[in-house]
Amino acid sequence: MKKIILSCLLFFSAQVVAGEVIYTSFFSNKAVSGYDTVAYFTQAKPIKGKAEFQYKYKQANWLFVSAENLEKFKKSPEKYAPQYGGHCAWAVAAKNEKISADPLRWNIIDGKLYLNYDAEIKAKWEQDISGFIVKANKNWPALINK
């Protein structure tokens, strides 16, 4: 029984640690809900990754659709990882908060991937993307370990 409790505690503490920088859901350690972040750049759309093409980065598991995409990410993860750890870019900017983001609500701006919470929030984000990026870049360093 103690072994089961210890295993559960370790599992959930890993979720909290991963969530510090990279957004993952409470019951999963998958970054970007398992979507291949390279595919946003190479295929201009979100595509679910496959477990056989997986890489651990910043204490989260990143999935990819192919070995080629996995290798691209390994060589330059900062190029392909979403900004603000995959948290909602608008919330980081406008609310100075980390909240979840929907991998289907995305933009690539100046070669960087941004995710947003939902369609309504993405529409708000798109009213002043450059202004929100400035605010989010200012807010993000203090939010990283919150």
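As shown above, the structure is provided for reference.
In this text, all values refer to a predicted model and were calculated from it rather than measured experimentally. Starting from 1, residues in each chain are numbered consecutively following that chain's sequence as written. Confidence filtering applies because this is a predicted model: local features only for residues at pLDDT of at least 70, side-chain atom pairs given and counted only at 80 or more, and all residues used for totals across whole chains, interfaces and linings. Think of the side-chain values as coming from all heavy atoms in the structure, minus any hydrogens and water.

Student: I keep staring at the overall build of the protein chain and nothing clicks. Help me out?
Tutor: Under the scheme used here, helices are H or I runs from DSSP no shorter than 4 residues and strands are E runs no shorter than 2 residues, and both carry numbers assigned from the N terminus. Regarding its fold elements, the protein chain presents 7 helices and 4 strands. Listed by position from the N terminus, the elements making up the protein chain come as α-α-β-β-α-α-α-β-β-α-α. Summary of the burial criterion: residues with accessible area below 20% of their type's maximum are buried, those above 50% are exposed, and those between are partly exposed, where the area comes from a 1.4 Å probe applied to protein chains only. Within the protein chain, buried positions represent 42% of all 146 residues. Contacts in the protein chain between residues far apart in sequence, at least 24 positions, make up 53% of those at least 6 positions apart. As displayed, the protein chain offers around 8,200 Å² of accessible surface, 57% of which is attributable to carbon and sulfur atoms. Residues count as neighbours in contact if any of their non-hydrogen atoms are within 4.5 Å of one another. Only the protein chains shown count as cover for residues, with accessible areas throughout obtained via the Shrake-Rupley method and a probe of 1.4 Å.

Student: I would appreciate a short explanation of the side chain of His87 in the present structure.
Tutor: Here His87 lies in the loop between α4 (77-80) and α5 (89-95). In protein, a polar contact means a hydrogen-donor-capable atom and an acceptor-capable atom, both N or O and within 3.5 Å, with residues adjacent in sequence counting only if both atoms are side-chain atoms; elsewhere, any N or O pair within 3.5 Å suffices. Only 2.8 Å separates the side chain of His87 from the backbone oxygen of Tyr84, close enough to count as a polar contact.

Student: Please explain the layout of surface pockets as it appears in this structure.
Tutor: Where empty space is left in the structure can be found by rolling a water-sized probe over the atoms. Cavity means a closed set of points on a 1 Å grid over the protein atoms alone, one where a 1.4 Å probe fits but cannot get out, pocket means an open set with protein on both sides within 12 Å along at least 5 of 7 lines, and lining means a residue has an atom within 4 Å of a point. Grid points are joined across faces, edges and corners, and a volume is the space filled by probe spheres set on the points. Roughly 190 Å³ of volume is contained in the largest pocket. Lining the largest pocket are Val21, Ile22, Tyr57, Lys58, Glu78, Ala81, Pro82, Gln83, Tyr84, Gly85, Trp140 and Ile144. Of the residues belonging to the lining of the largest pocket, the class tally is 8 nonpolar, 2 polar and 2 charged. Following the grouping adopted for this structure description, the nonpolar residues are Ala, Val, Leu, Ile, Met, Phe, Trp, Tyr, Cys and Pro, the charged ones are Asp, Glu, Lys and Arg, and the polar ones are all others, Gly among them.

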